[in-house]
Structures are given as structure tokens and as C-alpha cells.
Amino acid sequence: MNEQIKIILATDGASRNNQKRTEREATFGYLVERDDELIAEQSEYLGQGSQYTNNFAEYQAVINGIREVSQRFSTDQIDLHIQSDSEILVKQLVGEYNAKKMKDQYDICVDELSSLNNWEVEHVSQSPGNRIDRADGLAEEAFD
């Protein structure tokens with residue numbers, strides 16, 4: 001049996017101009033750690049338009065982070081621990097909330113997760129110096 005590799009994926013999405021639907025902009029950031037060693041970090045500007053809500057950006061962070069992990073490691077060996085400051089996303093992924101408004105993003109995320117043997121998702125509030133704080137910083141940098 002293969003040894004499980006514990007991976008932490010910390011994610012955050014960000015959006016601006018939410019009051020003006022057509023001017024919304026969104027970004028995401030994530031970092032990947034193995035044994036407290038930084039393996040990867042990424043941020044991306046997603047675009048501008050009505051679909052670029054904060055929830056959309058939160059899902060994109062998780063989806064892209066899972067893809068990064070899946071490219072780097074054998075999916076049958078990964079024990080993925082996802083951290084997000086989005087309580088809505090976490091509760092949708094564990095089945096406590098319905099994902100009606102984010103159904104497409106939810107379906108993509110669940111499809112990506114289905115390739116992994118072991119995963120869990122946890123709500124982690126941002127605090128100075130923690131992984132979520134770094135993911136938030138990456139997302140903010142992508143606006144520039």
C-alpha cells in the first residue's frame with residue numbers, strides 16, 4: 001500500500017466593485033504545503049463582469065488548487081486538507097448548504113475532488129500570519 005501524503009491547500013478568493021454588477025472583478029490565491037514546506041503558491045486575476053462574485057472566486061481558488069495538487073502528486077496517495085475562510089463554500093462542500101447559486105462551480109469542484117481518495121475541508125478564519133492570510137495576500141496581489 002502506498003503511503004499517504006498529507007497536503008494542505010489554503011485558499012482565498014477576492015472580489016471588488018460588488019455593488020456594480022458589470023464592474024465586478026475577481027481574483028484568487030492559494031498555497032500548497034507538504035510537511036510544513038511550501039510546495040506552490042499561485043494567484044490569478046479572473047476577470048470583470050457580473051459572474052465574478054466573491055463566492056465564484058472562492059470556488060476558483062479551490063478548483064485550481066486541487067488541480068495543482070493533482071498534477072504534482074499521485075491522486076491515490078494524497079490526503080488533502082483544504083482550508084478556506086469561506087464558510088458558505090465549506091458548508092456546501094460538506095453538504096450542509098445547497099449550492100444552487102454556485103451549482104456549476106460546485107459541480108466542477110466536486111468532480112475534481114472525486115479523483116482523490118482522501119480529502120477534507122475546514123473553515124479557517126484569516127488571522128495575521130496564517131495560511132489563509134497568505135492566500136488572501138496572493139489574491140490581493142493579483143488585482144495589481
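For the structure, see preceding data.
Thresholds applied
Residues numbered from 1 in each chain as written. Predicted model: local features only at pLDDT ≥ 70, side-chain atom pairs only at ≥ 80, totals over all residues. Heavy atoms only, no water. Axes fitted to C-alpha atoms, helices over the stretch in contact; angles between N-to-C directions. Helix = DSSP H or I, 4+ residues; strand = E, 2+ residues; numbered from the N terminus. Parallel < 35°, antiparallel > 145°, perpendicular 65-115°, else oblique. Left-handed = near helix turned anticlockwise from the far one by under 90°. Contact = heavy atoms within 4.5 Å. Nonpolar A, V, L, I, M, F, W, Y, C, P; charged D, E, K, R; others polar. Phe/Tyr/Trp six-rings, centres within 6.5 Å; stacked < 30°, edge-to-face > 60°. Buried < 20%, exposed > 50% of the residue type's maximum accessible area, 1.4 Å probe, protein only. Lys NZ or Arg CZ within 6 Å of the ring centre and 35° of its normal.

Glancing now at the packing of helix α1 (residues 54-72) against helix α3 (residues 103-113). Following both chains from N to C, one finds α1 and α3 inclined at 20°, their axes separated by 10 Å at the closest point. Accordingly, the angle class assigned to the pair α1 and α3 is roughly parallel. Two packed elements cross with a definite hand, and for α1 against α3 that hand is left-handed. Of α3, the residues touching α1 (which contributes Phe-56, Tyr-59, Gln-60, Val-62, Ile-63, Ile-66 and Arg-67) are Gln-105, Tyr-106, Ile-108, Cys-109, Glu-112 and Leu-113. Split into classes, the residues belonging to the contact of α1 with α3 amount to nine nonpolar, two polar and two charged.

Further remarks concern the packing of aromatic side chains. In the structure shown here, the tally under the stated rule is two aromatic pairs. With 6.1 Å between their ring centres and 10° between their planes, Phe-28 and Tyr-30 make a pair best called stacked. Just as Phe-28 is buried, Tyr-30 falls in that class too. Each ring, one from Tyr-52 and one from Phe-56, has its centre 5.5 Å from the other, and the planes form 85°; the classification is edge-to-face. Using a relative accessible area of 15% as the deciding quantity, one classes Phe-56 as buried. Over the ring of Phe-143 we find Arg-16; its NZ or CZ atom is 3.8 Å from the centre of that ring.

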